[in-house]
Amino acid sequence: MRENEFRLGDTIDDYCKRCRLLMNHYIVSMVDGEVKKVRCQTCHHEHDFQHGQGGEKKKTSRKSLFDQVAANLPQISPPPKTIKPKKNQST
Ligand SMILES: [Zn+2]
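The rules behind the values
- Residues numbered from 1 in each chain as written.
- Predicted model: local features only at pLDDT ≥ 70, side-chain atom pairs only at ≥ 80, totals over all residues.
- Heavy atoms only, no water.
- Helix = DSSP H or I, 4+ residues; strand = E, 2+ residues; numbered from the N terminus.
- Contact = heavy atoms within 4.5 Å.
- Areas by Shrake-Rupley, 256 points an atom, 1.4 Å probe, with all protein chains shown as cover.
- Donors = N, O, S within 2.8 Å, 3.2 Å for Na, K, Ca; no water.
- Tetrahedral: all angles 85-135°; square planar, octahedral: opposite > 155°, others 65-115°.
- Buried < 20%, exposed > 50% of the residue type's maximum accessible area, 1.4 Å probe, protein only.
- Pairing = 2+ DSSP bridges.
- Axes fitted to C-alpha atoms, helices over the stretch in contact; angles between N-to-C directions.

Draft legend 1. Molecular detail of the overall build of the protein. Check the secondary structure of the protein and you find one helix and four strands. Reading the protein from its N end, one meets helices and strands in the order β-β-β-β-α. For the protein, the proportion of contacts with a sequence separation of at least 24, taken over those separated by at least 6, is 33%. Summing over all exposed atoms, the protein offers an accessible surface of approximately 8100 Å²; the carbon and sulfur share of this is 51%.

Draft legend 2. Local environment of the coordination of the zinc ion. Looking at the zinc ion, the protein donor atoms are Cys16 (SG), Cys19 (SG), Cys40 (SG) and Cys43 (SG), and they sit 2.2 to 2.4 Å from it. Bound by four donor atoms, the zinc ion shows angles of 104 to 114° at the metal and therefore tetrahedral coordination geometry. Here the donor residues for the zinc ion map to a single chain with the spacing C-x2-C-x20-C-x2-C. With Cys19 in the loop between β1 (11–16) and β2 (21–31) and Cys40 in strand β3 (residues 34–40), this residue pair connects regions lying 21 residues apart in the sequence. Classification of Cys40 by relative accessible area gives buried; the value is 0%.

Draft legend 3. Structural context of the sheet that holds strand β4 (residues 46–48). With respect to topology, four strands assemble into an open sheet ordered β1-β2-β3-β4, the strand pairing being antiparallel. The strands lining the two open edges of the sheet, one partner per strand, are β1 and β4. Averaged over all neighbouring strand pairs, the angle between strand axes comes to 45°, with direction disregarded. Note: β2 against β3, six bridges, orientation antiparallel. In the strand pairing of β3, Ser29 is matched with Lys37.

Draft legend 4. The arrangement of the pairing of β3 in detail. Joining the antiparallel neighbours β2 and β3 is a turn of two residues, in which Asp32 adopts a positive phi near 55°. Counted between consecutive antiparallel strands, the loop separating β3 from β4 contains five residues, among which His44 sits at a positive phi close to 60°.

Put into structure tokens, the structure is as follows:
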């Protein structure tokens, strides 16, 4: 377990939602040697340790939201592909 290297108050990199960047964080909570909560050293926002991954959650939630909206929309069938041959070109 690599997390055992860390202790409360240590500095650790994690994704800050407020800063929207990978920032230095203080470890504020640990359980069984694993970092649970961290506090951003820049904006002092406290949140769960996300192992440096924060953007993904947002993406998936946004996608699922989009899917929900799309599911509620009436099904629009694509127009039939009627390709009109331009044979009758008057020359
Ligand atoms: Zn921050």
